Amino acid sequence: MITVATALVSCNRKTVYDHYEHTPLTGWEKNDTLIFHVPVFAEGGEYSEELGLRIADNYPFTTICIIVDNTILSKDNKLGAKTMSDTITCSLFDADGSIKGKGVSLFQYNSHIKDLSIEKGDSIEVRVRHNMKREILHGIMDIGVRVKN
């Protein structure tokens, strides 16, 4: 019963923010942080945050490790900013070597980052950077953030 209720609630979520940033054609450098400014929330509550990746077929690895820093900016600024850091490791292939993403030569991946408790009037600054051993990653086309309630 709980599983059915959870499925129904997750299907009814509406997107309140969905934005992608392009990475440089020369490659995504390790110190090149992408910044997303999620505007002020009209309603407080529980929100789900997702990371979107668009990867070309020349990406040289089977996984990617990404660090996501969320800074919740309080509406009244009395509480100050609260920053939470998460490391997301996305597996891009199945055990049999099949690509998990959707697409032909550009593949889309979506990964859940976390659930956030947001107050009405708060906003979020999201910072995304890769944490791979190689300094410059080729084949990463776009990185996106989606927030749903």
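Residues numbered from 1 in each chain as written. Predicted model: local features only at pLDDT ≥ 70, side-chain atom pairs only at ≥ 80, totals over all residues. Heavy atoms only, no water.

Engineer: What is the right way to look at the overall build of the protein chain in this model?
Structural biologist: When helices and strands are counted, the protein chain shows one helix and eleven strands. Listing each helix as α and each strand as β along the protein chain from the N terminus yields α-β-β-β-β-β-β-β-β-β-β-β. Out of the 149 residues belonging to the protein chain, those deemed buried represent 40%. For the protein chain, the share of sequence-separated contacts (at least 6 apart) that also reach a separation of at least 24 residues comes to 79%. Counting only carbon and sulfur atoms, one obtains 53% of the accessible surface of the protein chain, whose full area is about 8,700 Å². (Helix = DSSP H or I, 4+ residues; strand = E, 2+ residues; numbered from the N terminus. Buried < 20%, exposed > 50% of the residue type's maximum accessible area, 1.4 Å probe, protein only. Contact = heavy atoms within 4.5 Å. Areas by Shrake-Rupley, 256 points an atom, 1.4 Å probe, with all protein chains shown as cover.)

Engineer: When you look at the pattern of salt bridges in this model, what are you seeing that I'm missing?
Structural biologist: Side chains bearing opposite charge may pair, as long as their charged atoms lie close to each other. Within this structure, the stated rule accounts for seven salt bridges. Between D69 and R129 there is a salt bridge whose closest N-O contact spans 2.6 Å. With a gap of 60 residues between them, D69 in strand β5 (residues 63–73) and R129 in strand β9 (residues 123–130) connect regions that are remote in the sequence. Residue classification places D69 among the buried residues on the basis of a relative accessible area of 14%. Judged by its relative accessible area of 26%, R129 is partly exposed. A salt bridge links E125 to R127, with the shortest nitrogen-to-oxygen separation between them at 3.0 Å. (Salt bridge = Lys/Arg side-chain N within 4 Å of Asp/Glu carboxyl O.)

Engineer: Sorry if this is basic, but what is going on with empty space enclosed by the protein here?
Structural biologist: Tallying each qualifying case throughout the model produces one cavity of 30 Å³ or more. Considered as a void within the structure, the largest cavity measures approximately 40 Å³ in volume. Every residue lining the largest cavity is listed: D18, Y20, E50, L51, G52, N110, G144, V145 and R146. Grouping the amino acids of the lining of the largest cavity by side-chain chemistry returns three nonpolar, three polar and three charged. (1 Å grid on protein atoms, 1.4 Å probe; cavity = no way out; pocket = protein on both sides within 12 Å on 5 of 7 lines; lining within 4 Å. Points joined across faces, edges and corners; volume = space filled by probe spheres on them. Nonpolar A, V, L, I, M, F, W, Y, C, P; charged D, E, K, R; others polar.)

Engineer: Would you mind going over the sheet that holds β5 with me for this structure?
Structural biologist: In any sheet, the strands associate via hydrogen bonds between backbone groups, in a parallel or an antiparallel arrangement. Ordered by their spatial adjacency, four strands build an open sheet running β3-β9-β5-β6, and the pairing between neighbours is antiparallel. The open sheet has two edge strands with one neighbour each: β3 (34–38) and β6 (81–91). Each strand axis lies, on average, 20° off the axis of its neighbour in the sheet, ignoring direction. Looking at chain direction, β5 and β9 are connected through eight bridges and run antiparallel. (Pairing = 2+ DSSP bridges. Axes fitted to C-alpha atoms, helices over the stretch in contact; angles between N-to-C directions.)

Engineer: For this particular structure, what's the right way to read the packing of aromatic side chains?
Structural biologist: Each aromatic ring pair is specified by the distance between its two centres and by the angle formed by the two planes. The tally for this structure, following the rule as stated, stands at two aromatic pairs. Ring geometry for Y59 and F61: centres 5.7 Å apart, planes at 70°, overall edge-to-face. The ring of Y20 has R54 sitting right over it, with the charged end atom 3.6 Å from the ring centre. (Phe/Tyr/Trp six-rings, centres within 6.5 Å; stacked < 30°, edge-to-face > 60°. Lys NZ or Arg CZ within 6 Å of the ring centre and 35° of its normal.)

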